[in-house]
Amino acid sequence: MRFTRLRLQQFRNYPSLDLPLHPGTTVLHGANGSGKTNLLEALHLLSLGRSHRTTQDMEMVAAGSESAVIQGSTRRLDGEHEIEIRLQPRQKPQKKLLLYRKPAQRIGDLLGHATVVMFSPEDLRIVRDGPAARRRFVDMQLSQIRPAYLRALKTYLNVLESRNALLRQNRLQGVQDFATQLDTWDEQLSAAAAPLVRARRWFLTELNREAAAQYAAISENPGEPFSLRYTGALAEVPDIVQAMMAGLARHRREDMQRMYTTFGPHRDDVAMLLCGRDLRAFGSQGQLRTAVLSMKLGEIRLIEAEMGEPPALLLDDVFSELDLRRRNALLQSARGIQTMLSCTDRADAAGARADVFIQISQNESGHAAVHPEA
């Protein structure tokens, strides 16, 4: 899969842009804040329907504008794809999707039209932050590989919110037939949990194999095995629905006190282990970077194996974070894959075998300007 064109209107600091994209490696270079990351963010948005760095759509709309338009063209094994996202935070709907210039019903419909793996310095948060960061990582990647997963996740979260609302209402003002209603939500939540758990089991089993191999190839010490393990109350149970029902029953009294659901896949985590020990507690900075890089490279191989074609690779200022060994490993894995790489200086991309260099600058109004170079 590759992007062939990117068009922007009033997106971040781009009032207007029409940029053809090379199928090989493109280096975006320029001063910090010039707009390099904004281009990568737009490609990420076209692939997943969300930014990799903000949950507020208004932040992506140019100052003084009411809306922004992001258009992309991709070429996949099944042909050409046309994607358009309109951000209009002060209107309803706040985000509109068009495929082949025709309105789509929901943002999730864009999955499968563009596929990316993005690597940025912020990805170290996957290791450093709490379980929510790792669940988000798993959910986003699974949604790309298996679009049905996103629908299953939304179903689960909707049922979870309804159960939590009932718990809050009962605690604050009482609910007639509360136990009967809660039993109904327990049954629905248990049924909705099963497809999430099955998909996460598959994904983390496959990613563990790929990432472990990548870590062994990159690491300075082949004797320190890296592994990922799906952790959660339902991670290994044979009957997911029955185990979920039993868990909700055990935690019912606690849930009533806390007014939210304390058991289920919304509390899952991913253990990251080095030589069997918690990477977060015992890993060095170099080992943390190697682990995250290995996971990203593993994603590329997993997506290619599952979907029959590799994703586009977006690298946001990561060369400054990687030593020569890790940089070379990344470049080796990116061969034959469309790659968009950002850095502050053209010389930072030495060794990238770039096909195209593009300088990004800002004018006096703060608007980004794109200057292709020889």
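Below you will find a few notes about this structure. As the structure is a prediction and not an experimental result, all values here were calculated from the model.

About the cut-offs
Residues numbered from 1 in each chain as written. Predicted model: local features only at pLDDT ≥ 70, side-chain atom pairs only at ≥ 80, totals over all residues. Heavy atoms only, no water. Helix = DSSP H or I, 4+ residues; strand = E, 2+ residues; numbered from the N terminus. Rg over C-alpha atoms; globule rule 2.2 N^0.38 Å. Buried < 20%, exposed > 50% of the residue type's maximum accessible area, 1.4 Å probe, protein only. Contact = heavy atoms within 4.5 Å. Pairing = 2+ DSSP bridges. Axes fitted to C-alpha atoms, helices over the stretch in contact; angles between N-to-C directions. Salt bridge = Lys/Arg side-chain N within 4 Å of Asp/Glu carboxyl O.

## A look at the overall build of the protein chain
Right, on to step 1. When helices and strands are counted, the protein chain shows 10 helices and 15 strands.
Right, on to step 2. Here the C-alpha radius of gyration of the protein chain, 22 Å, is about what a compact globule of 374 residues would show, namely 21 Å.
Right, on to step 3. The principal-axis extent of the C-alpha atoms belonging to the protein chain is close to 70 × 55 × 40 Å.
Right, on to step 4. By the burial criterion, 52% of the 374 residues in the protein chain qualify as buried.
Right, on to step 5. Nonlocal contacts in the protein chain, meaning residues at least 24 apart in sequence, comprise 70% of its contacts between residues at least 6 apart.

## As for the sheet that holds strand β14 (residues 356-362)
Right, on to step 1. One open sheet holds the 6 strands; their spatial order is β8-β12-β13-β3-β14-β15, and the pairing between them is mixed. Every interior strand has two partners, whereas the edge strands, β8 (116-119) and β15 (368-373), have only one. Sheet twist, expressed as the mean angle between neighbouring strand axes with direction ignored, is 20 degrees.
Right, on to step 2. Sheet topology note: the β14/β15 ladder contains 6 bridges and is antiparallel.

## Thoughts on the pattern of salt bridges
Right, on to step 1. Applying the stated criterion to the full structure yields 26 salt bridges.
Right, on to step 2. The salt bridge involving E66 is made with R90; its shortest N-O contact spans 3.6 Å. Linking E66 in the loop between α1 (36-48) and β4 (68-76) with R90 in the loop between β5 (79-87) and β6 (95-99), this pair joins segments that are 24 residues apart in sequence.
Right, on to step 3. E309 is paired through a salt bridge with R76; the nearest N and O atoms lie 2.9 Å apart. Pair noted here: E309 is in the loop between α9 (285-307) and β12 (312-316) and R76 is in strand β4, with a separation of 233 residues, a long-range link.
Right, on to step 4. On the basis of relative accessibility, which here comes to 8%, the residue R76 falls in the buried class.

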